[in-house]
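Structural characterization, general
Spelled out from the first residue to the last, the chains are:
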Amino acid sequence: MTKTALVLEGGGVRGAYTAGALAWLNDNNITFDYNVGISSGAVFLCCYLVHDKHTPFNMTCYYSSSPDNVGIRALVREGYYVAYKHVFNDYLLAKEHLDITPLMSGDIDLEVGVYDLELGKTVWYSGKDLDPELVLLRAACSLPVASAIVEYRGRKLLDGGITKMIPIERAIEKGCDKFMVITTKPKDYVRKPGSKMVDLMMRAMYKDYPSVAADYKVRHLNYNKQVAIINELVEEGKCLHFLPSETVKVSRYRGDSEKTKKLYQIGYTDMEARREEIFAFLKEDGTDK
């Protein structure tokens with residue numbers, strides 16, 4: 001018997017592609033043995049696992065365009081470039097009523113990655129570690145510099161994408177041997193080193209946690225390594241990799257409703273276009289996933 005994994009990158013508003021792809025998976029009742037997500041991918045993963053399609057759609061296609069989320073209004077509201085508390089409390093909880101409590105039983109094998117500042121590495125939390133107030137998921141999305149450090153159960157946390165932008169290595173560590181990976185960047189994308197300005201900001205803001213700046217400095221190397229692992233798995237016939245088949249220029253932080261709707265639809269249609277391939281891939285072990 002094989003062990004299948006669903007692996008989700010983050011990407012902020014670009015996650016509209018992921019949202020569309022996951023809607024297709026839900027519509028076709030496709031599940032996986034193990035599920036892992038980073039940043040916005042962690043949020044969309046939880047939505048997928050509780051069969052909630054409306055929250056990802058509304059978040060990426062409508063709420064993401066609000067001027068209250070980023071920039072001056074966010075700085076006034078929360079003191080940081082992105083108003084994550086506003087997004088999670090006023091949108092995900094108050095408007096969408098996102099309920100992830102079914103995942104807290106631990107019956108579904110899932111993990112979300114967050115960066116633990118005191119440990120100096122990305123760590124993994126299971127469904128049993130989630131909370132109804134979505135604090136852990138907010139931590140998973142809290143980008144360094146752009147947001148506040150999130151304290152959760154005595155730990156100081158930030159976005160796990162500092163080191164694990166595409167958590168393919170974690171899925172391998174968990175014993176999976178067949179993978180569906182959904183990412184949000186163009187096929188020819190190659191991550192470049194961060195600017196000296198970002199490096200200086202990291203060092204200044206996280207002077208008590210030097211690993212943050214050190215890990216961020218080599219972030220591009222980690223990302224490109226993760227892409228290389230995925231490409232090798234695809235070549236070996238062990239992985240289906242989905243990424244936007246069309247280029248839609250969307251900011252990480254703020255959306256344009258027309259563009260994000262298009263990206264969402266591309267995510268859905270990219271999956272549909274490979275329907276037979278997906279079902280054949282998942283049934284090669286003789287199961288009815």
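Residues numbered from 1 in each chain as written. Predicted model: local features only at pLDDT ≥ 70, side-chain atom pairs only at ≥ 80, totals over all residues. Heavy atoms only, no water.

**Let's talk about the environment of Asp 27**
- Position of Asp 27 relative to the elements: it lies in helix α1 (residues 16-27).
- We classify Asp 27 as partly exposed; its relative accessible area is 36%.
- Linking Asp 27 and Met 201, residues 174 residues apart in sequence, is a C-alpha distance of 44 Å.
- Those residues within four positions of Asp 27 in sequence are excluded, and the remaining contacts are Lys 53 and Tyr 268.
- In this structure the side chain of Asp 27 is engaged in a polar contact, spanning 2.5 Å, whose partner is the side chain of Lys 53. (Helix = DSSP H or I, 4+ residues; strand = E, 2+ residues; numbered from the N terminus. Buried < 20%, exposed > 50% of the residue type's maximum accessible area, 1.4 Å probe, protein only. Contact = heavy atoms within 4.5 Å. Polar contact = N/O pair within 3.5 Å; in protein donor to acceptor, adjacent residues only side chain to side chain.)

**Topic: the pairing of strand β6 (residues 155-159)**
- The sheet contact formed by strand β3 (residues 110-116) and β6 spans three bridges and is antiparallel. Bridging across to β6, Tyr 115 finds its partner in Leu 158. (Pairing = 2+ DSSP bridges.)

**A word on the nonpolar core**
- Counting 61 residues, the largest nonpolar core has Leu 6, Leu 25, Phe 88, Leu 137, Met 180 and Ile 278 as the members making the most contacts within it.
- It is helix α2 (residues 40-49) that provides the largest number of residues to this core, a total of eight residues.
- With residues near it in sequence (within four places) discarded, Phe 88 still touches Val 43, Leu 93, Leu 134, Leu 137, Arg 138 and Cys 141.
- Counting residues in hydrophobic clusters, the runner-up holds 18 residues, among them Ile 166, Cys 176, Tyr 223 and Cys 239. (Core = buried A, V, L, I, M, F, W, Y, C linked by side-chain atoms within 4.5 Å.)

**Some details on unusual backbone geometry**
- Within the chain, His 97 stands out as a residue other than glycine whose phi angle is a positive 55°.
- Position of His 97 relative to the elements: it lies in the loop between α5 (84-93) and β3.
- By relative accessible area, His 97 is classed as exposed at 59%.
- One non-glycine residue, Leu 134, adopts positive backbone phi at about 65°.
- Along the chain, Leu 134 falls in the loop between β4 (121-126) and α6 (135-141).

**What about the pairing of strand β1 (residues 4-8)?**
- Burial within β1 is extensive, with five of its five residues counted as buried.
- Burial along β1 is two-sided: the face carrying Thr 4, Leu 6 and Leu 8 and the face carrying Ala 5 and Val 7 are both buried.
- Here five bridges tie β1 to strand β7 (residues 178-182), and the two strands are oriented parallel to one another. When the sheet's bridge partners are listed, Leu 6 is paired in β7 with Met 180.
- Here β1 runs beside strand β2 (residues 34-38); their pairing, made up of four bridges, is parallel. Bridge assignment links Val 7 to a residue of β2, and that residue is Val 36.
- This β-α-β element, β1 to α1 to β2, shows right-handed connectivity. (Right-handed = clockwise from strand over helix to strand, strands pointing away.)

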